[in-house]
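# What the coordinates show
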Amino acid sequence: MNAYSLTLSGVKLEALASGALYWPEQRLLCVSDLHLGKSERIARLGGAFLPPYDTRETLTRLEKDLLATAANSVLCLGDSFDDSASSRGISEPEFMWISRMQAGRRWVWIEGNHDPGPLAVGGTHLAELPLPPLQFRHIARHGASGEISGHFHPKARVKMPGQAVSRPCFLVDSDRIIMPAYGSYTGGLQSSHAELTQLMRLEALAILTGPTMHAIPMPRD
Amino acid sequence: MSAIPAPIESWFQSKGWQVHPHQREMAERSDRPALLLIAPTGGGKTMAGFLPTLAELADGKHEGLHTLYISPLKALAADIRRNLQVPVDEIGLAVRIEDRTGDTPASRKKRQRADPPHILLTTPESLALLLSYEDAPRMFKGLQRVVVDEIHALAESKRGDQLMLALARLQSFCPGLRRVGLSATVEDPQGIADFLAPHPDPCDILMADPGPDPDIRMLETDEAPPWSGGGAAYAIPAVLEQVKQHKTTLIFHNTRAQAEIFFHNLWLANEDSLPIGIHHGSLDRAQREKVEQAMVRGDLRAVVCTGTLDLGIDWGDVDLIIQVGAPKNVKRLVQRIGRANHRYNAPSKALLVPANRYEVVECVAALDAVKEHDLDGDPRGPGPLDVLCQHILIAACSGPFDPDTLFHEFRRAGPYRVLTRAQFDDCFTFCATGGYALQAYDRWQRLQERPDGQWQLRDPRSAALIRQNIGTIQDTDTLKVKMRGRGGAPLGEIEEGFAASLTKGDTFLIGGKIVRYEALRELVVEVSRDKGRKPTIATFMGTKFSTSTRLSHRILRLLQQNDWPDLPPHTADWLALQRDMSRLPRPSDIQIESFPHDGMEHTCIYGFAGRNAQQTLGLLLTKRMEEEGLAPLGFVATDHATLIWGLEKLRDPAPLFDLHALEQGLDTWLASNAVMKRSFKTSATIAGLIQRSYQGQRKSGRQATFSSDILYDTLLKYDPDHLLMRITKDEAMRGLIDFARLRDMIARSAGRIEHLHLDRITPLAAPLLLEIGKVPIMGEGREKLLTQETERLMADSGLANL
C-alpha cells in the first residue's frame with residue numbers, strides 16, 4: 001500500500017496516498033472533510049449545477065481504502081456532509097451504500113462546522129472522540145497534544161525551477177496531525193497561511209498525497 | 001434612401017474635406033438590412049458608419065434610441081463618442097451621444113435604461129448584460145441601426161458569436177433593424193458578411209479603395225540578430241535611430257513578455273531620454289491610460305506595445321510602425337501597418353525586426369506575401385455552443401420565454417444559421433437540469449416550465465449569478481502586483497502559476513521595471529524596486545498566434561533554395577551551416593534531430609505546423625514516450641518545431657508518428673491533458689457551470705473553491721459524453737489542439753521521417769531552448785525529480801535524521 005508511516009504520542013500511524021489516516025493497532029480508518037452532497041447543496045441554493053458525481057466518487061475511494069486496510073472502525077472527522085440537509089438530501093443508492101459500508105464496523109461521525117448536530121445516517125455522532133493517547137476533533141486547538149483534526153484542507157507547494165507542484169497534504173508535528181480533505185469537490189489552504197503556521201511547530205512536516213507520497217519541511221512562505 | 005443632407009454636406013466643405021466615395025455609397029445604401037464596409041485604416045470608416053445616422057437624426061424628430069454602436073474596446077467606445085460629438089456640435093444637431101461600458105457609473109447606467117440616448121456606444125458584453133434585463137424591449141424600442149466597428153477583430157473570437165446572438169435578439173424586438181459592419185482589410189469579406197447577415201436576409205459588401213501599397217522593409221542593423229531568443233536586443237540602437245527620425249513610432253510585439261524585455265533594454269540604451277512608453281493588457285489600467293493620454297497629446301515619441309493597440313483608436317500622428325518579432329500572420333501584419341499614417345491615400349511606413357535568425361526567414365517570407373497581397377486566414381467555424389448556453393440563460397433572466405421562438409431567433413444569427421434543433425435542445429437541457437446522465441437535479445431545476453408552456457428561472461436569485469458571469473473573455477487566474485508599503489503603486493498583473501514559482505528575492509520585469517518579489521499578501525504580489533539584477537521573465541496571459549499555414553509553406557519553400565540572395569548574409573550563412581551540420585527541413589518529409597544537451601536527451605521535430613499543432617504534437621509524443629519508458633520531462637513548441645527533453649534517448653521515432661495510431665490514441669490522450677482542462681475551464685465558465693473567480697471570493701472561500709480540473713476529471717470518469725465535454729473537445733480540436741494541421745503535416749510528407757542523430761545541438765534547434773512556455777510532463781521523470789527535490793529539502797533542513 002502507498003503509505004507514509006509516522007508516530008504521534010507513541011502511536012504508529014499510516015498516512016495513505018488517498019488522504020486517509022490508518023491506525024493499524026486499532027484497525028481504525030480516519031477520514032476528514034468528505035463534504036458529501038456538495039453538488040446537491042449548491043444546486044439547491046440556486047447556484048451552478050456541478051456534475052452530480054462527487055458523492056459517488058468520494059464513497060468509491062472510501063470503500064477502496066476500507067477494503068485495502070480491512071479497517072473495522074471508521075472515524076469521519078467532521079464536515080462529512082456539506083450541510084445538515086445534505087445528509088437527508090443524498091440519493092437513496094448513496095444512502096444504501098453508506099449503510100453497507102457501515103455494516104459490521106464501528107462508525108463515528110465527528111461534528112464539523114458544516115454539519116453540526118445529529119445526521120440522518122446511522123453510526124455514532126460525537127462532538128469529539130478521545131482515544132488516549134490520541135484526541136480526534138474537527139478543528140485543531142492551540143495547546144493540544146496527540147490531536148488529530150481536519151477542517152483546513154491543507155495543501156503544500158514544492159517549488160522547482162520555473163514551476164511549482166501543489167498537492168493536498170497531511171501536516172504533522174509532535175503535537176498534532178492536520179488531515180487533508182478527503183471529499184472530491186474540495187479546494188485547499190496553503191500551508192503558508194497564518195492559521196496553519198501558527199498551529200504547527202517550526203519543525204513540522206508536510207506529507208504530500210499523490211502518486212507517490214513525499215515528506216517535506218512544511219512550507220511557510 | 002436620400003444621400004447626405006445639406007447641413008452635413010456643407011460641414012464637410014467647411015472643413016475642406018471630401019466625402020469619400022465609399023462614405024457616400026454607405027449613405028445611399030443605408031436602407032439595406034445589412035452592409036459590410038471593408039476599408040483601410042484612415043479611410044473614414046467610422047464616419048461612413050455614422051453618416052446615415054446623422055442624416056436620419058438631422059430633423060430632430062426621432063425619440064429614443066436610434067443607433068447602437070458596438071466596439072471591441074471600452075476605450076474605443078469613449079474615443080468615438082468624443083470624435084462624433086465634434087461634428088454633431090459643429091453642424092448643430094440635437095443628438096444625444098453616450099457610451100456605456102463596465103466603467104460607466106451605476107447611476108448613469110440606470111438612467112440610460114429609463115431614458116436612452118439617440119446614439120449609444122457600447123461593447124458586446126455590456127449589450128448582452130442589457131439584454132438580460134426585463135426592460136430590454138422597452139429600452140431598445142425604436143432602434144433603427146446597429147454599427148459594429150472592427151468587426152474583423154470581433155469575428156475572430158467568441159465575443160463575435162455572442163454579439164451576433166445579441167443582435168438576433170435585438171432584431172426580434174425591432175424587425176426593421178439595419179446593421180452595418182466596419183472592417184479592416186481581410187482575406188475573406190464574404191465570411192464576415194455571412195457572419196453579420198440577419199439570416200436569411202443578405203449582407204451587401206462594399207469595398208473602399210484600398211489605398212497605395214505600404215512602404216515595408218526589414219530593418220537594417222549593423223549587428224546580426226542572435227542565433228536564438230525573442231528579445232531583439234541587438235536591434236535597439238537601430239530602432240532608437242528610427243524613433244529619432246520619426247514623429248511617433250509604434251513598436252509592436254507579439255507577446256507581453258517580449259514587450260517588457262524590449263522596453264527595458266530600450267531604456268537602458270536611451271541616452272537622449274526620448275519619451276517612450278509601454279502599453280499592454282497586463283499593465284494596471286491607470287498606467288495604460290496615462291500612456292494613452294500622453295500619446296494623444298503627442299508627448300511620446302514611441303510606444304512599445306502589443307495587440308492591445310491593434311484596434312482603431314486614434315492615437316495621434318503615428319508615422320512609423322515597427323514590428324518586432326516575426327509577424328506570424330500576413331493579414332494581421334497588413335492591418336497593423338495600417339496604423340501608421342492616418343492620412344488616406346498616403347502609403348504607411350513599416351519596418352520588420354526579426355528577433356532571431358529563424359525569424360529573419362519568416363520576415364522575408366512575410367514581406368513577399370505582403371507584396372503579393374497574399375493574405376491568410378482560417379474560415380470561421382460554426383458558432384460555439386457554450387456561448388449559446390449563456391444566451392439561453394440571458395434570455396431566461398429577462399423573463400419567461402418559449403424555447404421554439406428562441407431556437408428560431410438564434411438561427412437568424414450568422415454563426416448559428418446551421419444550428420440544429422438537437423444541438424439547441426442539448427444546450428437547453430443543460431441550462432435547465434445540468435444535462436447529466438445521472439438525473440440528480442430534477443428537484444432543483446434551474447429552468448422550469450410554467451402552466452402556459454413558457455420557461456422561467458426556478459430561483460430568481462440565480463439571475464444575479466448569471467449576470468455576473470456574462471461575457472466570453474478568457475479570465476486567466478492572475479494576481480495583482482503592487483509596490484510594497486502602504487498605498488504602494490499598482491503595477492499590473494501576472495499569472496498565478498508564475499507567481500507560485502517565485503521565492504522571496506526573485507526578480508522579474510513588469511511595466512519596464514525590475515522588481516523583487518517580497519511577499520504574497522491577500523492575493524496581491526508585493527514587490528520592491530531592484531536595480532541592476534538580471535530579471536527572470538514573467539509569464540503573462542494573452543494569445544499566442546500560430547504562424548499561418550500559408551506563411552509556413554512559404555518558409556518551407558524558401559528553405560529549399562540553393563542560396564538565399566534575399567536573406568542577409570548572416571542568416572543565409574546560418575542556414576548553410578545547418579545544412580552542413582545537419583540538414584534543412586523539406587516539405588517532402590518530417591525532419592527529426594536527436595542530440596544530448598545540458599545533461600538531457602533532446603529531440604527536435606520540425607513540423608512547420610504552427611504553434612498550437614506543434615504543441616499538440618509535443619503532448620502526443622511525450623505521452624507515447626512516457627509509455628515507452630523514455631521519461632520525458634517537458635517540451636516546448638514554436639511555430640516550426642517541437643523540442644522534447646527527457647532522461648532517455650529516443651532511438652526510433654517511426655512508431656510514434658503513425659497518423660492512424662496518433663488519431664486512434666487521440667481520444668484517450670485528449671482526455672487527460674492540460675490543454676483540454678484549460679479549454680474545459682473556459683467553456684464551463686462561458687456556459688455558466690462555474691463562476692468566474694472573483695478576487696473577493698477567492699479570498700474568503702479559499703477552501704470552498706476548487707479547481708475546475710476536478711470537475712473535468714469527474715465528468716471524464718462518470719459522464720464523458722456530457723455536452724460540455726463535447727464542446728471542450730470540439731474547441732480544442734479546432735483551436736488549441738489544431739489537429740487538422742498535424743494531418744496536413746503528415747499528408748505533405750506522406751509520413752516519411754528523416755531521423756538524424758547528432759552529438760550536439762543544431763543551429764536550427766538552438767532558438768527553441770530559450771522559448772518561454774515550456775510544458776512540464778507530470779510523469780515518472782517528474783516524480784523522480786520531485787523525489788530528489790523533496791529529499792534535498794529534508795536533508796537541508798536536518799529533518800531527515802529526526
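Keep in mind it's a predicted model, so treat the numbers as computed, not measured.

Take the overall build of chain B next. A tally of regular secondary structure across chain B gives 31 helices and 26 strands. Buried positions account for 48% of the 802 residues belonging to chain B. For chain B, restricting intrachain contacts to residue pairs at least 6 apart in sequence, the fraction spanning at least 24 positions comes to 75%.

On to the UniProt feature "domain: Calcineurin-like phosphoesterase" (unreviewed entry) in chain A. According to UniProt, the feature "domain: Calcineurin-like phosphoesterase" (unreviewed entry) maps to residues 27-123 of chain A in the numbering used here. Across residues 27-123 of chain A, helical content stands at 39% and strand content at 13%; the span's end C-alpha atoms are separated by 17 Å.

So, about the environment of Phe407 of chain B. Here Phe407 of chain B is to be found in helix 17 (residues 403-410). In this structure, the C-alpha to C-alpha distance between Phe407 of chain B and Arg421 of chain B, residues 14 residues apart in sequence, is 7.4 Å.

The next subject is the environment of Thr7 of chain A. Residues and elements named next belong to chain A. Summarising the element assignment, Thr7 is placed in strand 1 (residues 3-8). In this structure Thr7 comes out as exposed when scored by C-beta crowding, with 10 C-beta atoms within 10 Å. Separated by 167 residues in the primary sequence, Thr7 and Ser174 place their C-alpha atoms 8.3 Å from one another.

Right, let's get into unusual backbone geometry. Pro132 of chain A connects to Pro133 of chain A through a cis peptide bond whose omega is 5 degrees. With respect to the helices and strands, the residue Pro133 of chain A is situated in the loop between strand 8 (129-131) and strand 9 (134-136). For the bond from His199 of chain B to Pro200 of chain B, the omega torsion is 5 degrees, close enough to zero to count as cis. Inspection of the secondary structure assignment puts Pro200 of chain B in the loop between helix 10 (189-196) and strand 7 (204-207). You will see that Phe608 of chain B, though not glycine, has its phi angle at about 50 degrees, which is positive. In the Ramachandran plot, Ala631 of chain B falls in the positive-phi region, its phi being about 45 degrees despite a non-glycine side chain. Here Ala631 of chain B shows up in the loop between helix 23 (611-627) and strand 23 (632-637).

Attention now goes to the sheet that holds strand 1 (residues 34-38) of chain B. Residues and elements named next belong to chain B. On the basis of which strands lie adjacent, the open sheet formed by seven strands has the order 3-4-2-5-6-1-7 and parallel pairing. For this open sheet the edge positions go to strand 3 (97-100) and strand 7, each flanked by a neighbour on one side alone. Here the strands of the sheet are splayed against their neighbours by 20 degrees on average, with no regard to which way each runs. Here four bridges tie strand 2 (residues 67-70) to strand 4 (residues 119-122), and the two strands are oriented parallel to one another. Looking across to strand 4, one finds that Leu68 is bridged to Leu120.

This brings us to the nonpolar core. In terms of nonpolar packing, the biggest core is built from 203 residues, with Leu37, Val148, Leu196, Ile251, Val304, Ile392 and Cys427 of chain B touching the most fellow members. Tallying contributions element by element places helix 16 (residues 385-398) of chain B first for this core, with 10 residues. Ignoring anything within four residues of it in the chain, the contact list for Val148 of chain B reads Ile70, Leu154, Leu163, Arg179, Val180, Gly181, Leu182 and Leu196 of chain B. If you look at the next biggest cluster of nonpolar residues, it comprises 53 residues, including Cys30, Ile98, Ile148 and Phe170 of chain A.

For the rest of this paragraph, the subject is the interface of chain B and chain A. Listed as interface residues are 42 residues of chain B and, on the opposing side, 37 residues of chain A. Elements with a contribution of two residues or more to the side of chain B that touches chain A: helix 19 (462-468), helix 28 (708-718) and helix 31 (780-797) of chain B. Of the residues forming the side of chain B that touches chain A, the biggest block, nine residues, is contributed by helix 31 of chain B. Here the side of chain B that touches chain A is built from residues that sort into 21 nonpolar, 12 polar and nine charged.

Once that is clear, we can look at the pairing of strand 15 (residues 205-208) of chain A. All names here are of chain A. Neither face of strand 15 is exposed, since Leu205 and Ile207 on one face and Ala206 and Leu208 on the opposite face are all buried. Inspection of the sheet shows strand 15 paired to strand 16 (residues 214-217) by four bridges, in the antiparallel sense. Within the sheet, the bridge partner assigned to Ile207 lies in strand 16 and is Ala215.

Residues and elements named next belong to chain B. Examined against the element boundaries, Leu37 turns out to sit in strand 1. When the 24 C-beta atoms within 10 Å are taken as the criterion, Leu37 is described as buried. A C-alpha to C-alpha distance of 51 Å links Leu37 and Arg486, two positions 449 residues apart in sequence. Not counting residues within four places of it along the chain, the set of residues in contact with Leu37 comprises His22, Met26, Lys45, Ala48, Val180, Gly181, Leu182, Ser183, Leu206 and Ala208.

So, on to the sheet that holds strand 1 of chain A. All names here are of chain A. With respect to topology, seven strands assemble into an open sheet ordered 1-2-3-4-5-6-7, the strand pairing being mixed. On the outer flanks of this sheet lie strand 1 and strand 7 (124-126), each paired with one strand and no other. Each adjacent strand pair in this sheet contributes to an overall mean axis angle of 25 degrees, direction not counted. Sheet topology places strand 1 next to strand 2 (residues 11-16); six bridges connect them, and they run antiparallel. The partner of Leu6 across the bridge, within strand 2, is Leu13. Sitting on the sheet, helix 2 (residues 54-69) touches strand 2, strand 3 (21-23) and strand 4 (28-31), and the angle it makes with strand 4 is about 155 degrees.

How each quantity is defined
- Residues numbered from 1 in each chain as written.
- Chains lettered and ligands numbered in written order.
- Predicted model: local features only at pLDDT ≥ 70, side-chain atom pairs only at ≥ 80, totals over all residues.
- Helix = DSSP H or I, 4+ residues; strand = E, 2+ residues; numbered from the N terminus.
- Buried ≥ 20, exposed ≤ 12 C-beta atoms within 10 Å, placed from the backbone.
- Contact = placed C-beta atoms within 7 Å.
- UniProt positions renumbered as here; feature names shortened; annotations may be inferred.
- Pairing = 2+ DSSP bridges.
- Axes fitted to C-alpha atoms, helices over the stretch in contact; angles between N-to-C directions.
- Core = buried A, V, L, I, M, F, W, Y, C linked by C-beta atoms within 7 Å.
- Nonpolar A, V, L, I, M, F, W, Y, C, P; charged D, E, K, R; others polar.

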